[in-house]
Each structure stands twice: as structure tokens, then as C-alpha cells.
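Here is what each chain is made of, one letter per residue.
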Number of protein chains: 2
Amino acid sequence: MSIKTILKSSYANRGMTLEEDINITNKYYLDNDIAVIYKKPTPIRITKYNYNKSKIVEAFFETQSTLDYNGIYKGKYLEFDAKQTNNKTSLPLANIHKHQLEHIKRVLRHKGIAFLIVRFTILGKDFILMGNDLLDFIENNNRKSIPLAYFLERGLPLTLNYSPRLDYIKAIDKLMEEL
Amino acid sequence: MSIKTILKSSYANRGMTLEEDINITNKYYLDNDIAVIYKKPTPIRITKYNYNKSKIVEAFFETQSTLDYNGIYKGKYLEFDAKQTNNKTSLPLANIHKHQLEHIKRVLRHKGIAFLIVRFTILGKDFILMGNDLLDFIENNNRKSIPLAYFLERGLPLTLNYSPRLDYIKAIDKLMEEL
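Residues numbered from 1 in each chain as written. Chains lettered and ligands numbered in written order. Predicted model: local features only at pLDDT ≥ 70, side-chain atom pairs only at ≥ 80, totals over all residues.

Some details on the interface of chain B and chain A
Right, so step 1: Across the boundary between the two partners, chain B contributes 34 residues, which contact 34 residues of chain A.
Right, so step 2: Of all the secondary-structure elements, those providing two or more residues to the side of chain B that touches chain A are α1 (3–11), β1 (36–39), β2 (44–50), β3 (55–61), β4 (69–73), β5 (76–85) and α3 (98–109) of chain B.
Right, so step 3: Sorting elements by how many residues they give to the side of chain B that touches chain A places β3 of chain B first, with six residues.
Right, so step 4: Here the side of chain B that touches chain A is built from residues that sort into 17 nonpolar, seven polar and ten charged. (Contact = placed C-beta atoms within 7 Å. Helix = DSSP H or I, 4+ residues; strand = E, 2+ residues; numbered from the N terminus. Nonpolar A, V, L, I, M, F, W, Y, C, P; charged D, E, K, R; others polar.)

Written out as C-alpha cells, the structure reads:
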């Protein structure tokens, strides 16, 4: 997640990013007791704190070494990240960090559910890509981006609705039934 | 968790608090591929950001509305908080927030595992108290603290070891077998 997105969500609601759609969906899941999923706070390193004024006066953003969202659905551990691209033909792998891939492997090893929610902003298309499909691609390709065709073949399409906004749990449900 | 503890862990390792024992234990679990458990970053509200210097110049701590640690063990969702008291006879309930109790109820409803790790610092005793036992006490008592006797009766004692330092997963394992 970019610093701009972090600050945006800190300051005000100035438009509908993928993150905002997910946050609204998570609130819906919480309010309707469907799932308990939260966005993790962005880690910061505090270098100066003013005790008298009870405030942080110098701090820096740190990189999240895990994925941005986690929680519980039907007793299962679930963790995912949101990736948005303006690219029309593929998702650049540059913004998936190596430690995030390690983390996905770990979650899968411990029988959790890990995935990405990917938005092709210009195309107006959203997909779920499961962790094992992501790892499959990376291990078997030298490409620096995942082509749209791979999402069409292996991903699950998501559609925007009024409420819940982006019903990714429905897709996960389908996958859990298949297991 | 107090601001002091947050800053302490930000600055340097100046002694062994319960939080530090848990962090070391979680690292052991991670390194040995036993469980994947992280401390959630403390949420902050950013009010001023310096783009040129890429740093936060004013921010405030916000209250965590969930518990401090969560993760995955054997496919199960697990969440807990660490509470430390200098009191010799009971754990004051004042530092368990109402929204944290609501959150524990929610996690249990969704079949996750929720608990507290409680340290009686002066007595040198650590306990796990499961979420349902905590809720049981609160719903059936008007007391403002949970007496030590309740921990002895309903909690599970934990012992400090060299490595893993505070093997709370062993206790959880025992409980999962009993389910």
C-alpha cells in the first residue's frame, strides 16, 4: 500500500479506491456477523515522542512484512492483500514483496487461506487470486508481471455491488466447498 | 498496552516485560514453523505528514479495539492479549476495554480461539485465561477485578523456560485436544 493511500485514509474519504471498497465490505461483514476481518494498522517507527503533549512528533512508515488484512471466517484464518494497477494487460510483480511471498507460503503451510484481491482499475475488473495460484505463477515463470489471461484462467472474478460492496467472502465460500 | 510499553519496544530492549517474552516466543514459533503469530502494530492517527522529508511530524496513539496479537495455528484463527498486573490478589478489569470484550465474543462466535495471557508480576505467575472463562466471570460477577483464585481454578498456568520462553501454544494444544 502506498503512503498516499495511507494518508488518504487517515485524512478523509476522497474517492473509492480498492482499499476503501474492501473496508466498507469488511464493515458490512462485521455488522452482519458474517466474518471478522480487519485491516492491520500500518507499522511505524517512532523516533521522537513528546510526553507533555502526548503526541508523536517524528515517525517513519515501515514496510508491512505480512499482508494488509486478516481475520476469521467460519473458524478459518484468512489473510489477504489488495493490489491495484493502472496497467491494462498485467499486474506488475514489483509491488509484491519477497517477505510477503514468504508469509503467504507460511500461512498456506499452516492451513490458512491466503489470497490477493486485484483491481485492474482502467479495465474495471476485480479478481481474487488464491495464494497457491500466485506462488505457482512465480515459481514457473520468469515474467515480471502476471498477465490478465492468468487471472481469467485461474482467478475468480469479483463484481461491485451496492451492499456488500465487494463480496469476496462469497468467492472464498465457493472455494472452501470445493476443498 | 501502555504508551510506555509501545515506546519502549520502539526504542530499545530495556528489560523483560510480558510483551517481550511473548514476542520472543512468537519468533521461536515462526522460526520453527510451529505457528504464525504477530503483534498488531499500534494504530495511530496521523495529523501532519512532511512529504519532502517522507516523515510523520504529528500523530497520536489510538486505542486498539481488538486484541494485540493474532495469527494462525493448525489452520485455526487465534487472537489474544497480554495483561500484566502488580496486584497480588487479582487482575483489575479496568484495562480490558468494552470493545475488546465485544471483539472476544465475536471471535468465539466465529469459532476462533481467543484468550488472555495474564502475568502477576510480583507473584511471578503467568496464566492463560480462555475467552469464554473471561466472559463467564464478567457476566456472573459485579466485581471490578478477577481474583487470583479464579485463575487457579479456570486458567492454565504457564511457566517461563529458556526456549520457547513462554510456551502458550502447548496449553492451547491441550485445550484443542479436549474440544
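A few points about the confidence of the model for chain A
Right, so step 1: Across chain A, pLDDT averages 89, with 91% of residues at or above 70.
Right, so step 2: For this predicted complex, the interface confidence comes out at an ipTM of 0.83, alongside a pTM of 0.87. (pLDDT = per-residue confidence, 0-100.)

Overview of the relation of the copies chain B and chain A
Related by rotation about an axis and a shift along that axis, the two copies of the chain form a pair.
Right, so step 1: Overlaying chain B with chain A gives an RMSD of 0.0 Å, the required rotation being 180° about an axis along which the chain moves by 0.0 Å. Overall, the copies show the geometry of a two-fold rotation axis. (Least-squares fit on C-alpha atoms with pLDDT ≥ 70 in both.)

A closer look at the nonpolar core
Right, so step 1: L129 of chain A together with L129 of chain B are the most contacted members of the largest nonpolar core, which has 72 residues in total.
Right, so step 2: If sequence neighbours within four positions are ignored, L129 of chain B has contacts with F115, L116, V118, L134, F151, R154 and G155 of chain B.
Right, so step 3: If you look at the next biggest cluster of nonpolar residues, it comprises eight residues, including I56 of chain A together with I46, I56 and A59 of chain B. (Core = buried A, V, L, I, M, F, W, Y, C linked by C-beta atoms within 7 Å. Buried ≥ 20, exposed ≤ 12 C-beta atoms within 10 Å, placed from the backbone.)

Here we look at the sheet that holds β2 of chain B
Right, so step 1: Taken in spatial order, the four strands line up as β2(A)-β3(A)-β3(B)-β2(B) in an open sheet, and their pairing is antiparallel. The strands lining the two open edges of the sheet, one partner per strand, are β2 (44–50) of chain A together with β2 of chain B. Strand-to-strand twist in this sheet, taken as the mean axis angle between neighbours without regard to direction, amounts to 35°.
Right, so step 2: Here strand β3 (residues 55–61) of chain A pairs with β3 of chain B via two bridges, running antiparallel. Bridge pairing in β3 of chain B places I56 of chain A opposite A59 of chain B. (Pairing = 2+ DSSP bridges. Axes fitted to C-alpha atoms, helices over the stretch in contact; angles between N-to-C directions.)

A word on the pairing of β5 of chain B
Regular strands place their side chains on alternate faces of the sheet.
Residue and element names in this part refer to chain B.
Right, so step 1: Buried residues dominate β5, accounting for nine of its ten residues.
Right, so step 2: As paired strands, β4 and β5 are joined by five bridges and run antiparallel to one another. From the neighbouring strand, G71 faces β5, where its bridge partner is L78.
Right, so step 3: In sequence, β4 turns back onto β5 through a hairpin of two residues, with K74 there showing a positive phi of about 50°.

Regarding the packing of helix α3 (residues 98–109) of chain A against helix α4 (residues 131–140) of chain A
Residue and element names in this part refer to chain A.
Right, so step 1: Contact pair α3 / α4: the axes reach a minimum separation of 10 Å and the direction vectors enclose 130°. In this view, α3 runs oblique relative to α4, as classed from their interaxial angle. The way α3 lies across α4 gives a crossing that is left-handed. For the pair α3 and α4, the contacting residues are L101, I104, K105, V107 and L108 in the first and G131, N132, L134, L135 and I138 in the second.
Right, so step 2: Looking at side-chain class alone, the contact of α3 with α4 contains seven nonpolar, two polar and one charged residues. (Parallel < 35°, antiparallel > 145°, perpendicular 65-115°, else oblique. Left-handed = near helix turned anticlockwise from the far one by under 90°.)

A closer look at the environment of N70 of chain B
Right, so step 1: Following the sequence through the fold, N70 of chain B ends up in strand β4.
Right, so step 2: N70 of chain B gets classed as buried once you count the C-beta atoms within 10 Å, which come to 27.
Right, so step 3: Between the alpha carbons of N70 of chain B and I44 of chain B there is a distance of 19 Å; along the sequence they are 26 residues apart.
Right, so step 4: Setting aside its immediate chain neighbours within four residues, N70 of chain B contacts N70 of chain A together with K40, L78 and E79 of chain B.

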